[in-house]
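Residue-level listing of the chains:
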Amino acid sequence: MIKVIADIEESKTKVLSRKRISSELGVLDLMGALNDDIKQAVTKTYFYGKDLKFSVSLFDMEKSEPVALFLGKEFTRIRTASVTFSFLRFINFHAKEALIVGYGYQAYGQAMALSSLGIKRIDVAGRDPIKGGKFSEAIGNDLNVESSYINFGDFRNYKLIVTATSSPTPILKREQINDGVIIAIGSYKREMSEIEPRLMCEAESVIVDSKDQAVTESGEIAGLLDSGCRSMEEVQSLSELFYGRNMRRYSEGSIIIFKSVGMAAEDLATASSIYSRIEESGKHS
């Protein structure tokens, strides 16, 4: 994951940002990426209609042919979880406990990523205590971590917070937290935002996976730019972070925000990794 994304800075990884075609029945999204070193390419399509269906095709560039096809939402959950895992491991951020705001499909993937990093307590917050309680119990049993549902409100005890909701209005505000890392994965339109502009402005470091897509697809980045407190030049991309090996701005006791909207380079890294494991297991079976 880290190498494929870092390669964007040297144009070894080339990315086609999301393209959208609208109709009366819904919206078709298309994305793509290729990497000259691994000699693989990926295309991803999905349709927002009555339901959300994904299709990811992995191509062998030397043979000019598709080698794998991934269908369904599970691939995207794995992709998003892998990005969170890679980001936290790269910045060497350690926390004994974490909080996930939300309890849906993507939230479970985030819990998997956090537990894989050795975090032993993952609490859950949300507006529905019944759903939140069931989700907390599920990740506690499945992932062998301690977990409790907490009332929505004061999150200042947590140094690591992941927001995974579809809220159209900010749910995380400056007075709710002290410092640490916030990873926002839920919103994917300019009309959606999980983090208020004030909190975005007061973060020392703001990182996005794709600047081009964040400008048009993230309500958090839209709010940040509209406030005038920071320009897009002051926002760091994930490829810049992975390639340059350090955050532009960081000090102890600060707030770091990583806003992810997803990009095709992440799909390429995930598809390539899964395909390599399948190929390797086939050789040894």
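Only a predicted model underlies this, so the values are computations on that prediction, with no experimental measurement involved.

1. With respect to the environment of valine 15
Inference 1: Following the sequence through the fold, valine 15 ends up in strand β1 (residues 13-23).
Inference 2: Taking the C-alpha atoms as reference, valine 15 lies 29 Å from serine 281; in sequence the two are 266 residues apart.
Inference 3: Apart from the residues lying within four places of it in its own chain, the contact partners of valine 15 are Ile8, Gly32, Ala33, Ala264 and Ala265.

2. Remarks on the pairing of strand β4 (residues 52-60)
Inference 1: Here strand β3 (residues 40-48) runs beside β4; their pairing, made up of nine bridges, is antiparallel. Bridge pairing in β4 places threonine 43 opposite serine 57.
Inference 2: In terms of strand pairing, β4 meets strand β5 (residues 65-71) through six bridges, oriented antiparallel. What sits directly across from serine 57, in β5, is leucine 69.
Inference 3: Counting the residues between successive antiparallel strands, the hairpin from β4 to β5 contains four residues, one of them, serine 64, with a positive phi of roughly 55°.

3. Observations concerning the packing of aromatic side chains
Inference 1: All chains considered together, the criterion is met by six aromatic pairs.
Inference 2: Between the aromatic rings of tyrosine 108 and phenylalanine 135, the centroid separation amounts to 6.5 Å while the plane-to-plane angle is 80°, which identifies the pairing as edge-to-face. One end of the pair, tyrosine 108, is in helix α3 (residues 105-116); the other, phenylalanine 135, is in helix α4 (residues 129-143), with 27 residues separating them in the sequence.
Inference 3: Owing to a relative accessible area of 18%, tyrosine 108 belongs among the buried residues under this scheme.
Inference 4: Residue placement shows lysine 73 over the ring face of tyrosine 105; its charged tip is 4.8 Å from the ring centre.
Inference 5: The ring of phenylalanine 152 is capped by arginine 127, whose NZ or CZ atom sits 3.9 Å from the centre of that ring.

4. Remarks on the sheet that holds β4
Inference 1: Judged by pairing direction, the sheet is antiparallel, and its five strands sit side by side in the order β1-β2-β3-β4-β5 without closing on themselves. This sheet does not close on itself; its edge strands, each paired only once, are β1 and β5. Between one strand and the next, the sheet's axes are offset by a mean angle of 15°, whatever the strand orientation.

5. Quick word on α3
Inference 1: Taking 1.5 Å as the rise per residue, α3 with twelve residues should run 16 Å; its terminal C-alpha atoms sit 17 Å apart, in good agreement.
Inference 2: Where α3 is buried, its residues meet α2 (74-90), β6 (97-101), β7 (121-125), α4 and β9 (160-163).
Inference 3: Just downstream of α3, glycine 118 is the residue with a positive phi angle, here 95°.

6. Examining the pairing of β3
Inference 1: Inspection of the sheet shows strand β2 (residues 26-35) paired to β3 by nine bridges, in the antiparallel sense. In the strand pairing of β3, glycine 32 is matched with threonine 43.
Inference 2: Connecting β2 to the next strand, β3, in antiparallel fashion are four residues, including lysine 39 with a positive phi near 60°.

7. So, the packing of α3 against α4
Inference 1: Their axes nearest at 11 Å, the elements α3 and α4 cross at an angle of 40°. Considered as vectors, α3 and α4 are oriented oblique to each other. The interaxial crossing formed by α3 with α4 has right-handed handedness. Within the contact between the two elements, α3 uses Ala107, Tyr108, Ala111, Met112 and Ser115 and α4 uses Phe135, Ile139, Asp142 and Leu143.

8. Describing the packing of α2 against α3
When two helices pack together, their arrangement is given by the angle between the helix axes and by the axis-to-axis distance.
Inference 1: Where α2 contacts α3, the axes come no closer than 8 Å and their chain directions differ by 40°. Here α2 lies oblique to α3, going by the angle between them. Crossing hand, α2 versus α3: right-handed. Taken together, the residues of α3 that come into contact with α2 (itself represented by Glu74, Thr76, Arg77, Thr80, Ala81, Thr84, Phe85 and Leu88) are Tyr105, Gln106, Tyr108, Gly109, Gln110, Ala113, Leu114 and Ser116.
Inference 2: Residue composition of the contact of α2 with α3, grouped by class: seven nonpolar, seven polar and two charged.

9. What to know about the nonpolar core
Inference 1: With 36 residues, the main nonpolar core has Phe87, Leu114, Leu160, Ile183, Leu238 and Leu241 as its most contacted residues.
Inference 2: In terms of nonpolar packing, the next biggest core, distinct from the first, is built from 25 residues, Ile150, Leu199, Val235 and Ile255 among them.

10. Digging into the side chain of glutamine 40
Inference 1: Mapped onto the fold, glutamine 40 is located in strand β3.
Inference 2: The contacts of glutamine 40, once residues within four sequence positions are left out, are Leu34, Asn35, Leu58, Phe59, Met61, Leu268, Ser272 and Tyr275.

11. Description of the sheet that holds strand β12 (residues 236-237)
Inference 1: The strand order across the open sheet formed by eight strands is β8-β7-β6-β9-β10-β13-β11-β12, and the pairing between neighbours is parallel. Every interior strand has two partners, whereas the edge strands, β8 (149-150) and β12, have only one.
Inference 2: Each of β6, β7 and β9 is contacted by α3, which is oriented at about 170° to β6, the strand it contacts most.
Inference 3: α4 rests against β7 and β8 of the sheet, and its axis sits at about 165° to β7.

About the criteria used
Residues numbered from 1 in each chain as written. Predicted model: local features only at pLDDT ≥ 70, side-chain atom pairs only at ≥ 80, totals over all residues. Heavy atoms only, no water. Helix = DSSP H or I, 4+ residues; strand = E, 2+ residues; numbered from the N terminus. Contact = heavy atoms within 4.5 Å. Pairing = 2+ DSSP bridges. Phe/Tyr/Trp six-rings, centres within 6.5 Å; stacked < 30°, edge-to-face > 60°. Buried < 20%, exposed > 50% of the residue type's maximum accessible area, 1.4 Å probe, protein only. Lys NZ or Arg CZ within 6 Å of the ring centre and 35° of its normal. Axes fitted to C-alpha atoms, helices over the stretch in contact; angles between N-to-C directions. Expected span 1.5 Å × (residues − 1). Parallel < 35°, antiparallel > 145°, perpendicular 65-115°, else oblique. Left-handed = near helix turned anticlockwise from the far one by under 90°. Nonpolar A, V, L, I, M, F, W, Y, C, P; charged D, E, K, R; others polar. Core = buried A, V, L, I, M, F, W, Y, C linked by side-chain atoms within 4.5 Å.

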